[in-house]
Amino acid sequence: MPLALFALAISAFGIGTTEFIINGLLPELAADFSVTIPAAGLLVSGYALGVAVGGPPLTMLGGRLSRKTMLLWLMVLFIAGNLLSALAPSYGVLMAGRFLAAFAHGAYFGVGSVVAADLVAPQKRASAIALMFTGLTLANVLGVPLGTWIGQAFGWRATFWVVVVIGFAGFAGVLALVPRQPRPAGGGILRELATFRKAGVWLALAMTVFGFAPVFAVITFIAPIMTGVGGFSPGAVPVVMALFGVGLVVGNLIGGKLADRAVMPSIYGSVALLTLLAVAVALVAGDQVAFVIAITLFGVAAFATVPPLQTRVLDAAAGAPTLASAANIGAFNLGNAIGSFAAGLTIDAGLGYTAPAWTAALLGLAGLAVAGAAGLQARRLVPA
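Residues numbered from 1 in each chain as written. Predicted model: local features only at pLDDT ≥ 70, side-chain atom pairs only at ≥ 80, totals over all residues. Heavy atoms only, no water.

What exactly am I supposed to notice about the overall build of the protein chain here?
Along the backbone of the protein chain there are 15 helices and zero strands. For a compact globule of 384 residues, the expected C-alpha radius of gyration is about 21 Å, and the protein chain comes in at 19 Å, within 12% of that figure. Counting all 384 residues of the protein chain, 59% fall into the buried class. Considering only residue pairs separated by 6 or more positions, the protein chain has 84% of its internal contacts joining residues 24 or more positions apart. (Helix = DSSP H or I, 4+ residues; strand = E, 2+ residues; numbered from the N terminus. Rg over C-alpha atoms; globule rule 2.2 N^0.38 Å. Buried < 20%, exposed > 50% of the residue type's maximum accessible area, 1.4 Å probe, protein only. Contact = heavy atoms within 4.5 Å.)

What follows is the structure in structure tokens.
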């Protein structure tokens, strides 16, 4: 694989760390700002909505730039958002910093997915995308557990300062290793917008929203699930988050290999497995050993969905993929927002800390239904 893919993965590592780090620091943030756990969880939803809202407009605004230049400016925006978060004097300012960093997230992975796919042969596109997303998954193995430990030991602000440093490293990697790709000729932004007339693109986006929503329904509240139901100590949270991250790495690589062979069957299988494992998490939350096994496997299923879902939207938007790719990153994060918000509502309703896992299972069933509709629509377009 080209070295440029590893450069993309470095930035993905930083972005993944800042996205997921709040999950391990909810108790500390809630205590520092005197808000409830569900209110602190809105920092996850707010970030996800920032990705969903910011990705497509930024991609359109950067349409006159080369893709490498666009990636570099997005890293500058990411660094600025995390600086604001590190310095935030209030909950509202922290939310603003999260939202600003999130704007860079959606466009970065959208543009980066197209860059990664263009660097390799067509039959290896899903694996190339998976390699870029490996940075995101490694963030859960290394960045998030280390960031959680730093936040618990030195305060949550220290974690954001570390993310700023990673952001600078990502900028340097893109600058040094990613080749300068010219803007695609023919049609520009109008051509990119026209692809949204295709029903297949909208179904691909909907698959992403509901197929990935179960992940954040569970992971946003993993700390209170562990300490409030499983009887884990707070110090065990980073360890279990690391195991969850190992599952993400494995699932991402498996998903890329399977999607190179057959995209839609990979989506059906990974979303179905994710749904079943959400049920398992709910049922075994009080058993520490079984919970650790279930949450690790949940991580495998979670990111086994990512390469096929991202590849599917590139296929559906063939010929004009950049904006649709960014929109799909927004769709992932809209799913994140829906999952974490819905799970928070169940906790506020007094249904307990296992309710998020049951919510995840219901969202997974919705994802399977949309995937079935997308599969039927795709088959109707193929001549007999």
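So what exactly am I meant to see when it comes to unusual backbone geometry here?
Where the residue is not glycine, phi is negative for most of them; where a peptide bond is considered, it is trans in most cases. The residue Ser 34 is not glycine, and still its phi comes out positive at about 55°. Tracing the sequence through the fold places Ser 34 in the loop between helix H1 (3–33) and helix H2 (37–61).

Sorry, what's going on with empty space enclosed by the protein here?
With a probe scaled to a water molecule rolled over the atoms, the places where space remains empty come into view. One pass over the full model with this rule turns up one cavity of 30 Å³ or more. Lining of the largest cavity is provided by 13 residues; of these, His 105, Phe 133, Leu 136, Phe 332 and Asn 333 occupy positions nearest its centre. Secondary-structure elements contributing two or more residues to the lining of the largest cavity are H1, helix H4 (91–118), helix H5 (125–154) and helix H14 (321–348). When residues in the lining of the largest cavity are grouped by element, the largest group, four residues, is from H14. (1 Å grid on protein atoms, 1.4 Å probe; cavity = no way out; pocket = protein on both sides within 12 Å on 5 of 7 lines; lining within 4 Å. Points joined across faces, edges and corners; volume = space filled by probe spheres on them.)

Sorry if this is basic, but what is going on with the side chain of Arg 98 here?
Here Arg 98 shows up in helix H4. Despite its burial, Arg 98 remains without a salt bridge, the nearest opposite charge being carried by Glu 19 at 7.4 Å. A distance of 3.5 Å separates the side chain of Arg 98 from the backbone oxygen of Leu 43, its partner in a polar contact. Among all residues touching Arg 98, those that are not within four sequence positions of it are Thr 18, Glu 19, Ile 22, Leu 43, Val 44, Tyr 47, Ser 85 and Phe 160. (Lys, Arg positive; Asp, Glu negative; His and termini not counted. Salt bridge = Lys/Arg side-chain N within 4 Å of Asp/Glu carboxyl O. Polar contact = N/O pair within 3.5 Å; in protein donor to acceptor, adjacent residues only side chain to side chain.)

Teacher, can you tell me more about the packing of aromatic side chains here?
For any pair of aromatic rings, the description rests on two quantities: the centre-to-centre distance and the angle between the ring planes. A full pass over the atoms with the stated rule returns 10 aromatic pairs. Plain terms: the ring middles of Phe 196 and Trp 202 are 5.7 Å apart, the flat faces sit at 55° to each other, and that makes the pair tilted. Residue classification places Phe 196 among the buried residues on the basis of a relative accessible area of 18%. Aromatic ring contacts, followed pair by pair, group Phe 33, Tyr 91, Trp 156 and Phe 160 into a single cluster. (Phe/Tyr/Trp six-rings, centres within 6.5 Å; stacked < 30°, edge-to-face > 60°.)

How should the environment of Tyr 91 be read in this particular structure?
If you trace the backbone, Tyr 91 turns up in helix H4. Given the relative accessible area of 21%, Tyr 91 is considered partly exposed. A C-alpha to C-alpha distance of 34 Å links Tyr 91 and Arg 67, two positions 24 residues apart in sequence. When near neighbours in sequence (up to four residues on either side) are disregarded, Tyr 91 contacts Phe 33, Val 35, Ala 39, Ala 40, Leu 42 and Leu 43.

Just to check I follow, could you spell out the packing of helix H13 (residues 306–316) against H14 for this structure?
Helix-helix packing: each pair is described by the crossing angle between the helix axes and the interaxial distance. It is at 9 Å that the axes of H13 and H14 come closest, and there the two elements cross at 145°. Seen from above, H13 lies across H14 with right-handed handedness. Taken together, the residues of H14 that come into contact with H13 (itself represented by Val 306, Leu 309, Gln 310, Val 313 and Leu 314) are Pro 321, Ala 324, Ser 325, Asn 328, Ile 329 and Phe 332. Taken together, the residues that form the contact of H13 with H14 break down as eight nonpolar, three polar and no charged. (Axes fitted to C-alpha atoms, helices over the stretch in contact; angles between N-to-C directions. Left-handed = near helix turned anticlockwise from the far one by under 90°. Nonpolar A, V, L, I, M, F, W, Y, C, P; charged D, E, K, R; others polar.)

Help me understand the environment of Val 44, please; the structure alone is not making it clear to me.
Checked against the element boundaries, Val 44 lands in helix H2. A sequence separation of 176 residues divides Val 44 from Thr 220, and the C-alpha atoms of the two residues are 7.1 Å apart. When near neighbours in sequence (up to four residues on either side) are disregarded, Val 44 contacts Ile 22, Asn 23, Arg 98, Phe 216, Thr 220 and Ser 340.

In this structure, what is going on with the environment of Ala 107? I would like to understand it.
The residue Ala 107 is located in helix H4 in this model. Overall, the relative accessible area of 0% leaves Ala 107 in the buried class.

Help me understand a nonpolar patch on the surface in this model?
A contiguous nonpolar patch, built from Leu 49, Val 53, Phe 99 and Leu 334 and spanning about 300 Å² of accessible area, is present on the exposed surface. Within the secondary structure layout, Leu 334 lies in helix H14. Note on Leu 334: relative accessible area 33%, which makes it partly exposed. (Patch = residues over 30% accessible without salt bridge, like charges linked within 9 Å, V, L, I, M, F, W, Y side chains within 5 Å. Areas by Shrake-Rupley, 256 points an atom, 1.4 Å probe, with all protein chains shown as cover.)

Where do I start with the nonpolar core in this structure?
It is characteristic of soluble globular proteins that their nonpolar side chains tend to be buried jointly. In this structure, Leu 8, Tyr 108, Phe 109, Met 207, Phe 291, Ile 295 and Phe 298 are the most contacted members of the largest nonpolar core, which totals 120 residues. At 14 residues, H1 tops the list of elements feeding residues into this core. When residues no more than four places from it in sequence are discounted, the contact partners of Leu 8 are Leu 71, Tyr 108, Gly 112, Val 115, Ala 116, Met 132 and Val 178. (Core = buried A, V, L, I, M, F, W, Y, C linked by side-chain atoms within 4.5 Å.)

Before we go on, may I ask you to explain helix H12 (residues 288–304) in this structure?
Think of an α-helix as turning once every 3.6 residues; residues three or four places apart then point the same way. An ideal rise of 1.5 Å per residue puts 24 Å on 17 residues; H12 measures up with 25 Å between its terminal C-alpha atoms. Extensive coverage of H12 is indicated by the burial of 12 of its 17 residues. Taken together, the buried positions of H12 are Phe 291, Val 292, Ala 294, Ile 295, Thr 296, Phe 298, Gly 299, Val 300, Ala 301, Ala 302, Phe 303 and Ala 304. (Expected span 1.5 Å × (residues − 1).)

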